[in-house]
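Below are the chains, spelled out letter by letter.
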Amino acid sequence: MKKIALFLIFILVLAGCDGNVKVRPIGDLGDEDDPDHEIEDSDNGNTGDTGNTGNTGDTGNTGDTGNTGNTGNTGDTGNTGDTGDTGNTGNTGDTGNTGNTGNTGDTGNTGDTGNTGDTGNTGNTGNTGNTGNTGDTGNTGDTGNTGDPGCVGNGRDEDGDGIDDNCDNCPSQYNPGQKNTSGDKLGDVCEAYWDYGLLKEIKFFDPFYNLQSSWNSTGGTWTYGSGKVSGSSTPYGQNYVYNFDVPNNTPYSVEATFYFSQGTINSSAAYTGVIFAQTGNSFYTCVFERKANRVSIWRTSGSGLSSVGNSNVTAPATDAQWHRLRVFYDGSAVKCTFADEAGGTGEVNISGTNVWSSMGGKTGLRVYNERTDFTSFVLYQ
């Protein structure tokens with residue numbers, strides 16, 4: 001009976017510890033009179049149940065682990081040979097208090113992602129410097145250094161600038177660059193120097209080779225050909241007239257280049273020059289007076305010649321050097337200029353009542369008590 005009572009107590013103890021303990025049937029205990037069985041039971045005093053290990057606290061951000069409960073003291077082993085009183089069941093150690101689950105620390109607020117700085121505005125591309133102004137085209141005329149590419153050359157170069165007369169925009173004056181500021185058909189050196197818009201082209205150029213049919217004389221002696229016209233007249237003046245009428249009151253210019261072929265001047269009145277605005281027996285002439293060393297404009301109106309203007313010439317060339325006279329009519333006034341190989345210059349101007357109200361007609365060459373070799377004649381319009 002004691003054994004049964006003890007066993008029941010043991011069962012109850014176990015039941016207190018674990019509700020899942022299964023109770024062994026009593027019949028399995030064996031004969032209570034079996035001394036061996038009693039001895040076995042008394043040899044193995046029931047060891048007190050090990051205190052239940054405290055439940056591990058829930059992992060926080062892990063809290064402090066609960067202290068493990070103290071292991072219960074093992075009960076004293078029952079005295080052998082006693083009436084089998086089982087030693088007192090050791091008190092089950094107190095279950096260690098489960099440590100409080102540590103509060104999971106608040107997850108630190110992720111810092112706001114810094115605003116990406118605005119991409120710096122790309123600096124404005126620096127303004128490209130102005131392209132330097134292209135210099136004037138190498139002082140070349142519209143047609144380049146070879147003149148008008150569409151021209152047909154005549155194999156002659158009157159001014160010696162390397163450009164055929166037929167292709168030269170100023171064949172009577174040296175201008176290898178063919179500079180043509182106004183972009184017309186006339187090079188700068190042949191323009192009216194004070195107004196590049198006054199004249200546009202060369203109307204007629206004769207270096208005296210093969211255009212004799214374009215001329216008529218009023219008297220004297222005129223020999224045409226081989227690059228010159230030789231004219232002489234004594235004791236009066238005579239004209240060599242180009243067969244073309246310049247329209248009245250339109251701007252034009254007449255030019256002649258010449259050398260003196262008479263070494264001695266027999267008269268104080270000895271002139272060489274050009275005629276312009278000839279109508280019938282009336283005309284204007286601009287001449288170089290070799291003995292007086294001056295440039296003069298004369299006018300005839302049927303009854304005789306009269307001077308309407310003159311100017312002295314500086315540093316005249318010798319007889320063997322070239323001389324050049326040129327007349328400009330701008331529609332109201334007349335200008336006559338002189339230049340020569342030695343650098344001599346002169347100029348005379350007339351206007352107002354000294355100029356006819358209607359200027360135009362024939363143009364050409366004139367000699368008066370002179371013998372002169374003319375090497376070219378030009379009519380500009």
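Residues numbered from 1 in each chain as written. Predicted model: local features only at pLDDT ≥ 70, side-chain atom pairs only at ≥ 80, totals over all residues. Heavy atoms only, no water.

A.B. asks: Let's hear about the nonpolar core: which residues, and what values?
C.D. replies: In this structure, Trp215, Phe276, Cys286, Ile297, Val334, Leu365 and Phe377 are the most contacted members of the largest nonpolar core, which totals 39 residues. With sequence-adjacent residues up to four places away left out, Ile297 is seen in contact with Tyr284, Thr285, Cys286, Ser306, Ser307, Val308, Gly309, Val334, Cys336, Val348 and Ile350. If you look at the next biggest cluster of nonpolar residues, it comprises ten residues, including Cys170, Cys190, Leu198 and Val378. (Core = buried A, V, L, I, M, F, W, Y, C linked by side-chain atoms within 4.5 Å. Buried < 20%, exposed > 50% of the residue type's maximum accessible area, 1.4 Å probe, protein only. Contact = heavy atoms within 4.5 Å.)

A.B. asks: Describe in detail the state of the cysteines, supporting the description with residues and values.
C.D. replies: Tallied over the entire structure, the rule returns three disulfides. Covalently, Cys170 is tied to Cys190 through a disulfide, its sulfur atoms 1.7 Å apart. Between Cys170 and Cys190 the disulfide shows an S-S torsion of about 65 degrees. By sign, it is right-handed. Taken together, the positions of Cys170 in the loop between helix H2 (35-43) and strand S1 (202-206) and Cys190 in the loop between H2 and S1 put the pair 20 residues apart, joining distant regions of the chain. Of the two residues, Cys170 and Cys190, both sit in the buried class. (Disulfide = S-S within 2.5 Å. Helix = DSSP H or I, 4+ residues; strand = E, 2+ residues; numbered from the N terminus.)

A.B. asks: Give me the confidence of the model for the protein: which residues, what numbers.
C.D. replies: When pLDDT is averaged along the protein, the result is 73, and 60% of the positions lie at 70 or above. Counting interchain partners and residues more than four positions distant, the pLDDT-below-50 stretch residues 8-102 has 74 contacts. Here residues 104-108 scores under 50 on pLDDT; set against residues more than four positions off or in separate chains, the count is three contacts. (pLDDT = per-residue confidence, 0-100.)

A.B. asks: Explain the packing of aromatic side chains to me, using residue names and the numbers behind them.
C.D. replies: For the coordinates displayed, the defined rule picks out 23 aromatic pairs. For the ring pair Phe204 and Tyr242, a centre distance of 3.9 Å and an interplane angle of 15 degrees mean the geometry is stacked. Of this pair, Phe204 sits in strand S1 while Tyr242 sits in strand S4 (residues 228-246), placing them 38 residues apart in sequence. Taken individually, Phe204 and Tyr242 each receive the classification buried, so the pair is uniform in this respect. With a centroid separation of 6.3 Å and 55 degrees between ring planes, the pair formed by Tyr242 and Phe377 is classed as tilted. Of this pair, Tyr242 sits in strand S4 while Phe377 is found in strand S13 (residues 361-380), placing the two residues 135 residues apart along the sequence. Phe377 shares its class with Tyr242; the two are buried. The residue whose ring lies beneath Arg290 is Phe260, and the NZ or CZ to ring-centre distance is 4.3 Å. The ring of Trp194 carries the charged tip of Lys335 above its face, separated from the ring centre by 4.8 Å. (Phe/Tyr/Trp six-rings, centres within 6.5 Å; stacked < 30°, edge-to-face > 60°. Lys NZ or Arg CZ within 6 Å of the ring centre and 35° of its normal.)

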